[in-house]
Amino acid sequence: WMVCAAASFVALIVNLIFVRNTPEEMGQHQDGIDPDQELTVTDKARKAVYRTAEHWTLQQALRTKAFWLIVLAANGNIFLWEMMLSQAPFHLQDRGFEPAMAAFFYSLAIGASIIGRFGIAAIGDFIETRLLFSGGILAVLLGGILFWFASPEALLLSYLYPVLAGIGFGTAFVCRSLFVSNYFGHASFATISGIIAPIGSLFTALAPPYAGFMYDIYGSYFIPLLTAWIVGSVGVIAAALCFPPKHPSE
């Protein structure tokens, strides 16, 4: 905990010294595209991804269907992921894995999520956010289903579930921020994200005790996983239907 506290303090200092809020503060432009120059082929591809030109207030965002679909999608993703992550050591040992192997699959999921987060940086400027978001949550959902079937007799599925779930979660996790920025503008990003994040924390906190409670009753993780699959499916649908909102001025 002391190391974590020290790392957080270092991050605070780095943020205060180096972080800039807009490209204009450094004489640059969003996505490196000068609005006064003719667009190149690459720039046009980036422009194909929807980005609002309007400034949205929090009150305006709260009145849109898109905002609540983002909330549904983000929390469907986080609930499903947290269900798998928190119960993996117990479920995998129940399925016959040694503790060391269960810990390996747990770590593999975390590592794969890092790949998903970095991967989105390469394609987020070229593929519409709602497609990336829904695809990421779908990968978590497929990984969550394979998680139930993981066993020493089905090693391929056992290796596949953390890779799918991890890459999917990493992708969807970053897409939540992309959604807020692209749909409502970077000026209100902190305010709107500040409403969405605590709701996500509630879903994160609910998943582990719910799983443990249901396991104590039924002696199996099937019911809590089924719940997580349903919640995750709602997230996939919500992300896929999250089309850009129209600003009140339009």
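Here the residue numbers are simple positions, counted from 1 along each chain's written sequence. Per-residue local features are limited, in this predicted model, to residues with pLDDT of at least 70; the limit for side-chain atom pairs, both in listing and counting, is 80 or more; totals at the level of whole chains, interfaces and linings are taken over all residues. Calculated side-chain values reflect all of the structure's heavy atoms, with hydrogen atoms and water omitted.

## Side note on the environment of Tyr215
- Looking at the secondary structure, you find Tyr215 in helix α8 (residues 189–218).
- Taking the relative accessible area as the measure of exposure, Tyr215 reaches 25% and is therefore partly exposed.
- As for Tyr215 and Arg51, which are separated by 164 residues in sequence, their C-alpha atoms are 44 Å apart.
- In what follows, residue pairs with any heavy atoms lying within 4.5 Å of each other are defined as contacts. Excluding its chain neighbours within four sequence positions, the residues that come into contact with Tyr215 are Asp94, Ser220 and Tyr221. A run of H or I in DSSP counts as a helix once it spans at least four residues, and a run of E counts as a strand once it spans at least two, with each numbered from the N terminus. When a residue's accessible area, from a 1.4 Å probe over protein chains only, is under 20% of the maximum for its type it is buried; when over 50% it is exposed; and in between it is partly exposed.

## Considering the packing of aromatic side chains
- Centres within 6.5 Å are what make two rings of Phe, Tyr or Trp a pair, Trp counting through its six-membered ring; a difference in plane orientation under 30 degrees is then read as stacked, over 60 as edge-to-face, and the rest as tilted. Applying the stated criterion to the full structure yields 17 aromatic pairs.
- Measuring from centroid to centroid gives 5.3 Å for Trp56 and Phe184, while their planes differ by 85 degrees, and the two rings are edge-to-face. With Trp56 in the loop between α2 (41–47) and α3 (58–62) and Phe184 in helix α7 (residues 155–184), this pair connects stretches of sequence that are 128 residues apart.
- Of the residues examined, Trp56 reaches a relative accessible area of 1% and is grouped as buried.
- Judged by relative accessible area, which is 0%, Phe184 ranks as buried.
- Clustering of aromatic rings is evident, with ring pairs tying together Phe97, Phe104, Phe105, Phe147, Tyr159 and Tyr161.
- Lysine and arginine charges are scored as sitting over a ring when NZ or CZ, respectively, is within 6 Å of the ring centre and within 35 degrees of the ring normal. Seen from the ring of Phe173, Arg117 lies directly overhead, with NZ or CZ sitting 4.7 Å from the centre.

## Considerations on the environment of Leu155
- Assignment of secondary structure puts Leu155 in helix α7.
- With 95 residues separating them in the primary sequence, Leu155 and Gln60 have C-alpha atoms 49 Å apart.

## Observations concerning helix α9 (residues 222–240)
- By definition here, a helix of n residues has an expected span of 1.5 Å times n minus one. An ideal rise of 1.5 Å per residue puts 27 Å on 19 residues; α9 measures up with 27 Å between its terminal C-alpha atoms.
- Among the residues of α9, Pro224, Leu225, Ala228, Trp229, Gly232, Gly235, Val236, Ala238 and Ala239 are the ones counted as buried.
- Contacts made by the buried residues of α9 are with α4 (65–94), α6 (129–149), α7 and α8.

## As for the packing of α4 against α6
- Note on method: axes are straight lines fitted to C-alpha atoms, helices fitted across the in-contact stretch only, with angles between N-to-C directions ranging 0 to 180 degrees. Running from amino to carboxyl end, α4 crosses α6 at an angle of 25 degrees, the nearest separation of the two axes being 10 Å. When the axes of α4 and α6 are compared, the pair comes out roughly parallel. For the pair α4 and α6, the sense of crossing is left-handed. Two secondary-structure elements touch here, α4 through Ala73, Ala74, Asn77, Leu80, Trp81, Met84, Gln87, Ala88, His91 and Leu92 and α6 through Phe133, Ile137, Val140, Leu141, Gly143, Gly144, Phe147 and Trp148.
- Each residue gets one of three labels, nonpolar for Ala, Val, Leu, Ile, Met, Phe, Trp, Tyr, Cys and Pro, charged for Asp, Glu, Lys and Arg, and polar for the others, Gly among them. The residue inventory of the contact of α4 with α6, partitioned by class, reads 13 nonpolar, five polar and no charged. Our angle categories are set so that under 35 degrees counts as roughly parallel, over 145 as roughly antiparallel, 65 to 115 as roughly perpendicular, and the remainder as oblique. Here a crossing is taken to be left-handed if its near helix is turned anticlockwise relative to the far helix by less than a right angle, and right-handed if that turn runs clockwise.

## Quick notes on the side chain of Gln60
- Looking at the secondary structure, you find Gln60 in helix α3.
- A distance of 3.0 Å separates the side chain of Gln60 from the backbone nitrogen of Thr57, its partner in a polar contact.
- Every residue in contact with Gln60, bar those within four places of it in the chain, is listed here: His55, His247 and Pro248. We define a polar contact as two N or O atoms separated by no more than 3.5 Å, with the added condition that, inside protein, one atom must be a possible hydrogen donor and the other a possible acceptor, whereas residues neighbouring each other in sequence contribute only through side-chain atom pairs.

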